[in-house]
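Commentary on secondary and tertiary structure
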Amino acid sequence: MKRLEDFPRVSLGVFPTPIHKLENVSRLLGTNVYIKRDDLTGLGLGGNKTRKLEYLLADAQTKGAKLVFTTGGAQSNHAMLTAAAAAKLGMKPVLLLKKRGVTACLGNQYLEELMGTERYFYDTDDYADIYAEMDRIGQERGLPYYKIPCGGSNALGTLGYVACAQEIARQGGGFTHLVCAEGSGGTMAGLALGAKLFLPGTKVHGMMVDTDPFEKITPALMREAAALLEADVTITEADFHLRALWGPGYAIPSAEGNAAIALMAEQEGVFLDPVYTGKAFAGLLTMAREGAFSPDDRVLFLHSGGAGGLFAVRDGEK
Ligand SMILES: *Cc1c(COP(=O)(O)O)cnc(C)c1O
């Protein structure tokens, strides 16, 4: 097996991110709940995409890219962080966003405005159209370009969360459960593969905030990332656990997600977001209510960021 250090990686964030106990939430739930602060990754307002971008943009640099394209919804945290990271590394980011969600100058749109990011909106539901448009613009400008898929969720991006699992193993803590949001799949797949490699005995739970077929996407990404690492592992259904938490739909706040955001804010002074982490934490609360955790369990919740969305996405807006 290769080591993670064998892959080119640029430094964009501040690692390791802290892990601390949520004392009040633990008392309320009758188990031990900890939080991994990937909302404090250092770039922009923090968030999970920084770990993926350390591998993806290293690859872009190695290939001599001058333009970096990516895509997502109008309030994509991934697109905003890609713009911040590419510019910092001297490459020109160009965002091709779906005209879905809040396109007003709020949240991540506002942050992109501050950075002077070049971006375009497309009224399409199909990312294939957008990837074709990236090729068109790239060829038109005649510059070497690099395309990052939605959410940075390909095999290379997934390595960012394999590395996160290794980081958690080095931090210790003996966690029995690890809970994260699943939106494009790379974070969950990386953690689940990483747990298989570095955290035996930790069950990984992906809280699905979109309706894509994650029961197929998750193991496929795990296998692709394992192949990159030349890791001799067999991925089975026992390696990942999924729950549906999308509520009314992707990027539409849910009542249970909003209640989870309020609980975390009131009890711990930690702010979750309405698109990903609030819904994921609602999933953790439901599991606790269903008796999934014993008093001896040690549950680690991944705070994957999303601060931009907290200032843009509201009830009743899509
Ligand atoms: C993108 C994102 C996720 C989901 O991660 P994926 O790797 O896309 O599944 C979770 N939380 C936040 C804040 C995100 O921006």
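Above this note sits the structure.
So, here is what we can say about the structure in this document. (Residues numbered from 1 in each chain as written. Predicted model: local features only at pLDDT ≥ 70, side-chain atom pairs only at ≥ 80, totals over all residues. Heavy atoms only, no water.)

**Some points on the pairing of strand E2 (residues 32–37)**
For E2, the buried fraction is high: six of the six residues fall into the buried class. Side-chain alternation along E2 places Asn32, Tyr34 and Lys36 on one buried face and Val33, Ile35 and Arg37 on a second face that is also buried. As paired elements, strand E1 (residues 19–21) and E2 share three bridges and run antiparallel to each other. When the bridges of E2 are listed, Ile19 appears paired with Lys36. In the sheet, E2 pairs with strand E10 (residues 298–303) via six bridges, with the strands oriented parallel. (Buried < 20%, exposed > 50% of the residue type's maximum accessible area, 1.4 Å probe, protein only. Helix = DSSP H or I, 4+ residues; strand = E, 2+ residues; numbered from the N terminus. Pairing = 2+ DSSP bridges.)

**So, the state of the cysteines**
Taken as a whole and assessed by the stated rule, the structure comprises zero disulfides. We note that Cys164 lacks a disulfide partner, and the nearest cysteine sulfur, in Cys180, lies 9.4 Å from it. Exposure remark for Cys164: the relative accessible area of 0% places this residue in the buried category. (Disulfide = S-S within 2.5 Å.)

**Some points on the site of the ligand**
Around the ligand, 16 residues are found, and the nearest of them are Lys49, Lys52, Ser184, Thr187 and Ser304. Between the ligand and Lys49, the relevant distance is 2.9 Å, taken from an oxygen atom to a side-chain nitrogen or oxygen of the residue. Within the backbone of Gly185, an N or O atom sits 2.8 Å from an oxygen atom of the ligand. Contact with the protein chains covers 98% of the free accessible surface of the ligand, which is 380 Å². Put simply, the ligand lies in the largest cavity. Within the residue set of the shell around the ligand, elements represented by two or more residues are helix H2 (49–62), strand E7 (177–182) and helix H7 (186–198). Taken together, the residues that form the shell around the ligand break down as two nonpolar, eleven polar and three charged. (Near = heavy atom within 4 Å. Polar contact = N/O pair within 3.5 Å; in protein donor to acceptor, adjacent residues only side chain to side chain. Areas by Shrake-Rupley, 256 points an atom, 1.4 Å probe, with all protein chains shown as cover. 1 Å grid on protein atoms, 1.4 Å probe; cavity = no way out; pocket = protein on both sides within 12 Å on 5 of 7 lines; lining within 4 Å. Sits in = over half its atoms within 2 Å of the grid points. Nonpolar A, V, L, I, M, F, W, Y, C, P; charged D, E, K, R; others polar.)

**Some remarks on the sheet that holds strand E4 (residues 92–98)**
Sheet strands line up and pair through hydrogen bonds in the backbone, either parallel or antiparallel. Strand order in this open sheet of four strands is E5-E4-E3-E6, and the pairing throughout is parallel. Of all strands in the sheet, those bounded by a partner on one side alone are strand E5 (118–122) and strand E6 (145–147). On average, adjacent strands in this sheet sit at an angle of 20° to one another, irrespective of strand direction. (Axes fitted to C-alpha atoms, helices over the stretch in contact; angles between N-to-C directions.)

**Notes on the packing of aromatic side chains**
Using the criterion set out here, one finds five aromatic pairs in the structure. Taken together, a centroid distance of 6.0 Å and an interplanar angle of 70° make the contact between Tyr250 and Tyr276 edge-to-face. Placement of Tyr250 in the loop between strand E9 (241–244) and helix H9 (255–268) and of Tyr276 in the loop between H9 and helix H10 (277–289) is noted, with a sequence separation of 26 residues between them. The exposure class of Tyr250 is partly exposed, given its relative accessible area of 31%. Residue class for Tyr276 comes out buried when judged on its relative accessible area of 16%. (Phe/Tyr/Trp six-rings, centres within 6.5 Å; stacked < 30°, edge-to-face > 60°.)

**Looking at the sheet that holds strand E8 (residues 203–208)**
Ordered by their spatial adjacency, six strands build an open sheet running E1-E2-E10-E7-E8-E9, and the pairing between neighbours is mixed. Of all strands in the sheet, those with a lone pairing partner are E1 and E9, marking the two edges. Averaged over all pairs of adjacent strands, the angle between strand axes in this sheet comes to 25°, irrespective of strand direction. Running over the sheet, helix H6 (residues 155–171) touches E1, E2, E7 and E10 and is turned about 125° from E2. In this fold helix H8 (residues 214–228) packs onto E7, E8 and E9, with an angle of close to 145° to the strand it touches most, E9. (Contact = heavy atoms within 4.5 Å.)

**A look at the nonpolar core**
Core analysis: the biggest nonpolar cluster contains 52 residues, and Leu57, Leu159, Ile168, Leu191, Leu193 and Leu229 have the highest contact counts within it. Mapped by element, the contributors of at least two residues to this core are H2, helix H3 (77–88), H6, E7, H7, H8 and E10. For this core, the element with the highest residue contribution is H6, accounting for eight residues. Residue contacts for Leu159: discarding those within four places in its chain leaves Leu4, Phe7, Tyr55, Ala225, Leu228 and Leu229. Membership of the second largest hydrophobic core comes to 29 residues, among which are Ala260, Phe281, Leu285 and Val313. (Core = buried A, V, L, I, M, F, W, Y, C linked by side-chain atoms within 4.5 Å.)

**Regarding the packing of H6 against H7**
For the pair H6 and H7, interaxial distance at closest approach is 7 Å and the crossing angle is 45°. Here H6 is positioned oblique relative to H7, judged by the angle of their axes. The handedness of the crossing between H6 and H7 is right-handed. Two secondary-structure elements touch here, H6 through Thr158, Tyr161, Val162, Cys164, Ala165, Gln166, Ile168 and Ala169 and H7 through Gly186, Thr187, Ala189, Gly190, Leu191, Leu193, Gly194, Ala195, Leu197 and Phe198. Broken down by class, the residue content of the contact of H6 with H7 amounts to twelve nonpolar, six polar and no charged. (Parallel < 35°, antiparallel > 145°, perpendicular 65-115°, else oblique. Left-handed = near helix turned anticlockwise from the far one by under 90°.)

The values are spatial; any link to function lies outside them.
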